[in-house]
There are 2 protein chains.
Amino acid sequence: MPVNLHPPRAEDLLPVRGVELGIAEAHIRKPNRKDLLLIRLAEGARVSGVFTQNSFRAAPVRVCQEHMAQGGQMRALLINTGCANAGTGEPGMRAARASCEAVAKLIGCAANQVLPFSTGVILEELPRDRIIAGLPACVADLKKDNWLAASQAIMTTDTVSKAVSRHVTLGGKEVTVTGIAKGAGMIAPNMATMLAFIATDAAVDYEVLDAMVTDAAERSFNCVTVDGDTSTNDSFMLIATGQADAKEITDTESPAFAALHGAIVDVATTLAQAIARDGEGATKFMTVKVERAASYDEAKSVARWIAQSPLVKTAFFACDPNLGRILAAIGNAGGAAMDASKIDVYLDDTLVSEYGGRAMTYNEADGQRIMKQPEIIIRVVLNRGTETATMWTCDYSYDYVKINADYRT
Amino acid sequence: MPVNLHPPRAEDLLPVRGVELGIAEAHIRKPNRKDLLLIRLAEGARVSGVFTQNSFRAAPVRVCQEHMAQGGQMRALLINTGCANAGTGEPGMRAARASCEAVAKLIGCAANQVLPFSTGVILEELPRDRIIAGLPACVADLKKDNWLAASQAIMTTDTVSKAVSRHVTLGGKEVTVTGIAKGAGMIAPNMATMLAFIATDAAVDYEVLDAMVTDAAERSFNCVTVDGDTSTNDSFMLIATGQADAKEITDTESPAFAALHGAIVDVATTLAQAIARDGEGATKFMTVKVERAASYDEAKSVARWIAQSPLVKTAFFACDPNLGRILAAIGNAGGAAMDASKIDVYLDDTLVSEYGGRAMTYNEADGQRIMKQPEIIIRVVLNRGTETATMWTCDYSYDYVKINADYRT
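Residues numbered from 1 in each chain as written. Chains lettered and ligands numbered in written order. Predicted model: local features only at pLDDT ≥ 70, side-chain atom pairs only at ≥ 80, totals over all residues. Heavy atoms only, no water.

**Let's talk about the overall build of chain A**
When helices and strands are tallied, chain A shows 11 helices and 15 strands. Against the globule reference of 22 Å for 409 residues, chain A gives a C-alpha radius of gyration of 22 Å, in line with a compact fold. Overall, the C-alpha framework of chain A stretches about 70 × 55 × 40 Å when taken along its three principal axes. The long-range share in chain A, meaning contacts at least 24 apart out of those at least 6 apart in sequence, stands at 81%. (Helix = DSSP H or I, 4+ residues; strand = E, 2+ residues; numbered from the N terminus. Rg over C-alpha atoms; globule rule 2.2 N^0.38 Å. Contact = heavy atoms within 4.5 Å.)

Laid out in structure tokens, this is it:
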């Protein structure tokens with residue numbers, strides 16, 4: 001059951017000029033569900049992205065990277081759920097390329113102007129014939145106000161689809177940012193089984209767009225972990241169609257950059273948090289904030305150890321303020337170099353640990369009251385420097401095991 | 001339910017000359033259970049050890065390290081279960097020291113000739129009065145053939161106690177190696193909530209003993225993971241009493257070193273595997289063997305990523321040959337640098353993956369047959385070099401969550 005996460009409403013999702021979305025039921029893995037999404041982009045749209053760091057990159061990721069390296073203007077993105085087309089060797093590459101060719105033929109562009117994305121079970125062959133057979137229905141369905149159905153068509157073990165929009169004003173002109181994402185398991189820093197697509201009708205220079213997507217990923221999707229595993233298919237794509245009236249952004253120091261980047265980070269963060277809120281079996285949403293670290297890497301490492309610790313996550317599931325597990329996780333991140341006696345730990349605003357032990361002012365009733373909430377902030381103050389990092393995660397429940405033990409059956 | 005792990009039998013555990021063990025029910029956390037163990041060493045015994053790398057080292061670990069740094073001859077080890085005396089600040093240090101002083105008074109030695117060890121709940125005060133009150137019963141119980149009861153007195157969430165003995169002949173003289181260990185959760189490389197005590201009546205030079213314990217830890221306890229968490233209390237102590245007739249070992253290149261070290265690694269490995277076999281909620285025991293890596297660190301990293309992946313572990317619980325999760329875990333370890341298409345993966349002797357995909361000769365019926373076994377070998381051949389590493393782990397079941405959500409209640 002997702003934690004404080006509601007299905008998006010169609011009326012909250014703003015169309016982005018230059019972006020049309022078409023959905024089909026292609027029966028890729030299961031009948032009678034939306035499982036194929038085509039995103040068509042107007043001419044002139046620019047696309048940048050970041051991909052999984054896993055050395056087993058899935059075929060669609062490799063084809064995306066090939067097509068993007070060829071430097072052409074992208075005209076379409078094709079996304080299927082049900083099959084990840086990962087660990088499928090050369091036949092998988094051929095299937096991904098064939099899907100792009102089929103899209104190209106239908107919408108009138110070159111195959112390397114199409115980017116393929118797949119999510120679902122790994123090591124099974126992509127049913128390319130069913131995908132290609134589903135494409136005409138996608139094309140027939142293409143429309144601007146189709147973001148809600150698009151967010152639903154890319155779900156796997158997600159229980160709620162993820163989509164969000166923002167308006168932002170650049171030099172007096174209004175532009176829109178709308179994004180969708182999927183992901184609930186195999187979620188870890190550096191992207192996980194996570195697909196996210198954010199589009200804006202602002203005009204953004206290619207290099208600036210690259211900088212924007214890299215930084216936005218670091219501040220959002222790379223701060224989420226469900227199970228510490230990173231998948232073979234993760235992709236976060238940022239699309240700027242340039243169809244709004246606003247002036248092109250060519251400078252990362254400009255006020256327009258700051259405004260648009262802020263809105264994109266806001267959308268990306270909301271989607272990233274939605275992934276943890278809908279983490280497999282989640283009953284709680286936790287924000288782990290590490291402050292006053294000696295370096296950003298140190299802060300992020302401590303936050304990640306806490307957020308990924310199965311012992312911490314099962315304790316939160318049990319509403320058990322088992323501070324020792326949090327301290328042990330901090331200690332694992334710190335190695336021998338960190339002085340445990342200088343660290344303060346808070347649950348929400350309550351100081352629970354200081355001088356390497358239980359805080360004098362802390363009583364367990366306060367801890368239990370906080371632990372019963374659906375959302376909890378774990379704040380760790382290292383008192384070693386000035387850097388801060390945040391991770392979002394969820395607890396580990398019986399259902400986490402159930403979902404992952406039953407996934408293929 | 002432990003996987004192919006049976007309780008040790010008293011008659012299989014060989015006394016070690018110069019070592020006496022006494023057990024008491026000190027009511028540290030629960031009534032009517034053995035929870036306090038005193039190990040008395042004959043004069044001249046030498047002790048070496050390795051400790052947790054966690055920066056939140058528990059008070060007893062810090063006191064152990066202090067006492068060992070003072071270079072005296074150790075005369076006793078005191079081990080309690082029920083309370084880890086971790087995250088307890090200065091009062092915890094005082095409680096650990098007071099316990100050592102009480103032992104010293106009873107057996108007639110200095111306090112810094114006593115080493116304290118604690119395991120159990122973190123962040124709760126050590127009930128020093130109950131421990132000290134239990135000591136006379138420990139002393140009264142001291143005897144050489146008490147290893148079975150000793151192994152039982154240090155259990156926490158263990159379902160089976162862990163103890164094993166070996167005979168080995170050094171220069172025609174027989175010596176004995178007997179060890180006990182505890183640990184079932186918060187188990188990860190670099191020691192975990194793991195206590196292990198191995199004693200031999202061989203005579204070993206101090207420096208040689210240090211080399212032996214470090215190397216034995218790396219080959220045994222540091223190859224086990226249950227949940228990726230490392231605890232604040234881990235300690236592995238190696239005792240050489242020198243009470244056998246065999247000549248002192250002073251050289252790590254000698255045949256006697258090789259023979260004794262072999263026996264100690266055998267005992268340590270058996271105990272380490274017992275910990276994974278008795279992992280919290282375990283239904284399967286997995287050996288992850290990574291071969292032909294470019295370096296030992298690379299081999300160990302790949303093995304650890306597989307052994308720690310919750311997705312891999314839940315798939316094994318479900319008897320699901322979900323090879324994709326294994327490949328994804330390898331890919332996480334490898335980063336972008338590793339060529340996935342060169343890696344071969346075997347389940348037992350069956351080739352399941354080659355060229356980055358499913359092996360031509362593999363069929364899922366074989367995979368399912370293998371996955372139904374209680375013990376499975378995952379063998380990964382990287383084809384990048386000559387180095388090998390092994391990790392032992394267990395699966396993730398509903399009971400893992402149950403045990404860890406309920407532990408304090």
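**Quick look at the pairing of strand 6 (residues 162-170) of chain A**
All names here are of chain A. Of the pairings in the sheet, the one linking strand 6 to strand 7 (residues 173-182) comprises 9 bridges and is antiparallel in character. When the sheet's bridge partners are listed, Thr169 is paired in strand 7 with Glu174. Remark: 2 residues form the turn of the hairpin made by strand 6 and strand 7, two consecutive strands paired antiparallel; Gly171 in that turn has positive phi of roughly 55°. (Pairing = 2+ DSSP bridges.)

**Regarding the confidence of the model for chain A**
Do not read the fine detail of predicted coordinates wherever pLDDT is low. Residues and elements named next belong to chain A. Looking at chain A, pLDDT values average 90 and 94% of them are 70 or higher. With pLDDT under 50 throughout, residues 187-192 is counted as low confidence; its partners more than four residues away or in other chains account for 38 contacts. Here the predicted complex scores 0.80 on pTM and 0.71 on ipTM. (pLDDT = per-residue confidence, 0-100.)

**With respect to helix 1 (residues 59-69) of chain A**
Residues and elements named next belong to chain A. When helix 1 is considered as a whole, its buried residues turn out to be Ala59, Pro60, Val61, Val63, Cys64 and His67. Residues of helix 1 that are buried make contact with strand 3 (46-51), helix 2 (89-107), strand 5 (114-118) and strand 9 (235-240). At the C-terminal side of helix 1, Gly71 shows a positive phi close to 75°. (Buried < 20%, exposed > 50% of the residue type's maximum accessible area, 1.4 Å probe, protein only.)

**With respect to unusual backbone geometry**
For Cys319(A), which is not glycine, the phi dihedral falls at a positive 55°. Mapped onto the elements of the fold, Cys319(A) is located in the loop between helix 8 (310-317) and helix 9 (323-334). Although it is not a glycine, Asp348(B) sits at a positive phi angle of roughly 50°. Note on placement: Asp348(B) falls in the loop between strand 12 (344-347) and strand 13 (350-354).

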